[in-house]
Amino acid sequence: MRRLLSASASAIALSLILAGAALADVPKARIQGVEDRVLRNLIEDAVGKVEEEPTSRVDARRRATEAASMAYAVLRSEGYYQAEVEPTVSDTDPPQAILKIRPGERFTFGEAQVLWVGTAPSTTAQGAAFEAMEIEAGQPGRAAVVLGAEGRIIASVQQEGYPDAVARTRDVVVDHATTTVLPTFNIEAGDLVRMDGVVVITQGRTKPRYVERLAPWTPGDTFDPDDVAELERRLQDVGVYDSVTVALAPKDQTTADGLRPVIVSIADRPPRTLELGAGYSTTEGIGIDARWLNYNRLGRFDTITLVAKIGSIQQKLDLELSLPHWRKPDQRLRIGGGFIGDRTDAFDDYGAGVRTDVEWRFRRTSYVTTGLSLDYISTFDKTVTPPAW
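Residues numbered from 1 in each chain as written. Predicted model: local features only at pLDDT ≥ 70, side-chain atom pairs only at ≥ 80, totals over all residues. Heavy atoms only, no water.

Remarks on the side chain of histidine 325
Note the following rule: Under the DSSP-based scheme used, a helix requires at least four consecutive residues in state H or I and a strand at least two consecutive residues in state E, with every element numbered from the N terminus. In this scheme, a residue with accessible area under 20% of its type's maximum is buried, one over 50% is exposed, and one in between is partly exposed, where area comes from a 1.4 Å probe on protein chains only. Throughout this description, a polar contact denotes any pair of N or O atoms lying within 3.5 Å of each other; where both atoms belong to protein, one of them has to be capable of donating a hydrogen while the other can accept it, and for residues adjacent in sequence the pair is counted only when both atoms sit in side chains. We call two residues in contact when some of their heavy atoms are within 4.5 Å.
Residue position: histidine 325 is located in the loop between β17 (314–323) and β18 (331–343). You can call histidine 325 buried: its relative accessible area is 11%. Here the side chain of histidine 325 touches arginine 234 through a polar contact of 2.9 Å, landing on its backbone oxygen. At a separation of 2.9 Å, a polar atom in the side chain of histidine 325 contacts the main-chain amide nitrogen of aspartate 330. If we ignore the near neighbours within four places in the chain, the residues touching histidine 325 are Leu214, Arg234, Val238, Arg300, Phe301, Asp330, Gln331 and Arg332.

This is the structure:
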């Protein structure tokens, strides 16, 4: 009897779980008439699901009407501008919301154009904009293609020295006679911008002249967003800032010479960090480690690191100065030195050393390092009995 009750309880629980899962997977409306699997999935995702079946035919009709507007929006965005969507209700009990869809012919792109609002940019910028559009006659007239093309056009014009370029209201003609989509992009390029120096905004220790040396342009150069991004990357790589923002100054800050400065805003990280650690080994005994870091103490992106270790066998004291972008960008100088000692049952040794190295970065993740070190070690062998004199 107990087994029967247990089995019955399990069956009831499983039924409730399955019923809950079924209720959670009820589509808001069922799609009919769409053979293309990709299009059908897009429509079903847009229509969505609800937690329970319709409670009446009125409820089902309401759901079908709401789903129809969503389906129609998807169809138009995918180029089906002659699609017909009929919301209806089934005769079943409970009633089901149904969308009967006739997608019709898919529209394709005709000739796309770029028109310039105000003064047109240089011939080079116009050519770059046309190439960036990437809309070919005959490809499906999807809305996402239009939006993507507009974004690429703006980016290409900015890349040619027009950072103030913006898109105005685009014109998209849908020709039902030829089943084509004819987009026209209206772009206001603005003026060609030439860059000035760097304006540093900080409450930290950084000396502005070191930031200015990192700029990959000279005053008077045509604006290039890649140069601005490169300066930001160089500042982020030094590891002494919590935040770095690099942006072209607003148009109203243009100098009398017609140049636009670049604004660099930097916030220092906490000036010091202390790390402590301890461990025990059956072969080396107890060990205590400490690491103290001081950031940007000299105001030139520097990091000073002091490392100390005290253990039953090994002792160590080391000091290192790291100078990123030493003498030129992407070149790091490290200078360090310290003392070491080992005490064992067989021998004792003590020593000191100094070192320096220079690291060059020539790719994003590729480096070359060359350096020089000088060490002195004195060892005393405890197993050798000294001669008696």
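A word on the packing of aromatic side chains
Quick reminder of the rule: When the centres of two rings from Phe, Tyr and Trp lie within 6.5 Å, Trp using its six-membered ring, the rings pair. Their planes under 30 degrees apart give stacked, over 60 give edge-to-face, and anything left gives tilted. Charge-over-ring contacts are defined here by two conditions on Lys NZ or Arg CZ: a distance within 6 Å of the ring centre and an angle within 35 degrees of the ring normal.
The final tally for this structure, using the stated rule, is two aromatic pairs. Geometry around tyrosine 295 places arginine 269 over its ring, the cationic atom sitting 4.1 Å from the centre. Of note, arginine 327 hangs over the ring of tryptophan 326, and the distance from its end group to the ring centre comes to 5.6 Å.

Here's the deal with the sheet that holds strand β11 (residues 194–201)
The condition that has to hold: A pair of strands counts as paired when DSSP detects no fewer than two bridges linking them. Lines fitted to C-alpha atoms define the axes here, with helix axes fitted over just the stretch in contact, and angles between the N-to-C directions of these axes take values from 0 to 180 degrees.
Strand order across the open sheet formed by three strands is β11-β13-β12, with mixed pairing between neighbours. Unpaired on one side and paired on the other, β11 and β12 (241–248) mark the two borders of the sheet. With direction set aside, neighbouring strand axes in the sheet form an average angle of 20°. Pairing between β11 and strand β13 (residues 259–268): six bridges, direction parallel. Note that in β13 the partner of valine 200 across the bridge is valine 264.

Re the environment of alanine 189
In this structure, alanine 189 sits in the loop between β10 (180–188) and β11. Under the relative-accessibility criterion, alanine 189 is labelled buried at 0%. With 60 residues separating them along the chain, alanine 189 and alanine 129 place their C-alpha atoms 11 Å apart. Contacts of alanine 189, omitting those with residues within four sequence positions, involve Trp116, Val117, Thr119, Pro121, Val157, Tyr162, Asp164 and Ala165.

A short note on the sheet that holds strand β2 (residues 30–32)
The mixed open sheet is built from three strands, whose spatial order is β2-β5-β4. Here the strands that pair on one side only, and so sit at the sheet edges, are β2 and β4 (84–89). Ignoring strand direction, the axes of neighbouring strands in this sheet form an average angle of 25°. Sheet topology note: the β2/strand β5 (residues 97–102) ladder contains three bridges and is parallel. Bridging across to β5, arginine 30 finds its partner in isoleucine 98. Strands β2 and β5 of the sheet are contacted by helix α2 (residues 37–47), whose axis makes an angle of about 150° with β2. Docked against the sheet, helix α3 (residues 57–77) engages β4 and β5, running at close to 165° with respect to β4.

Describing empty space enclosed by the protein
Once rolled over the atoms, a probe with the size of a water molecule shows which space is left empty. Rules: Site definitions follow a grid-based scheme: protein atoms alone, a 1 Å grid, a 1.4 Å probe that fits but cannot get out for cavities, and for pockets an open set with protein on both sides within 12 Å along at least five of seven lines, plus lining residues having an atom within 4 Å of a point. Grid points are joined across faces, edges and corners, and a volume is the space filled by probe spheres set on the points. Under the convention adopted here, Pro, Cys and the residues Ala, Val, Leu, Ile, Met, Phe, Trp and Tyr are nonpolar, Asp, Glu, Lys and Arg are charged, and Gly plus all remaining residues are polar.
All chains considered together, the criterion is met by one cavity of 30 Å³ or more. Taken as a whole, the largest cavity spans an internal volume of roughly 30 Å³. In terms of lining residues, the largest cavity is bounded by Val26, Pro27, Lys28, Ala29, Arg30, Glu53, Pro54, Arg63, Gln96 and Ala97. Here the residues of the lining of the largest cavity sort into five nonpolar, one polar and four charged.

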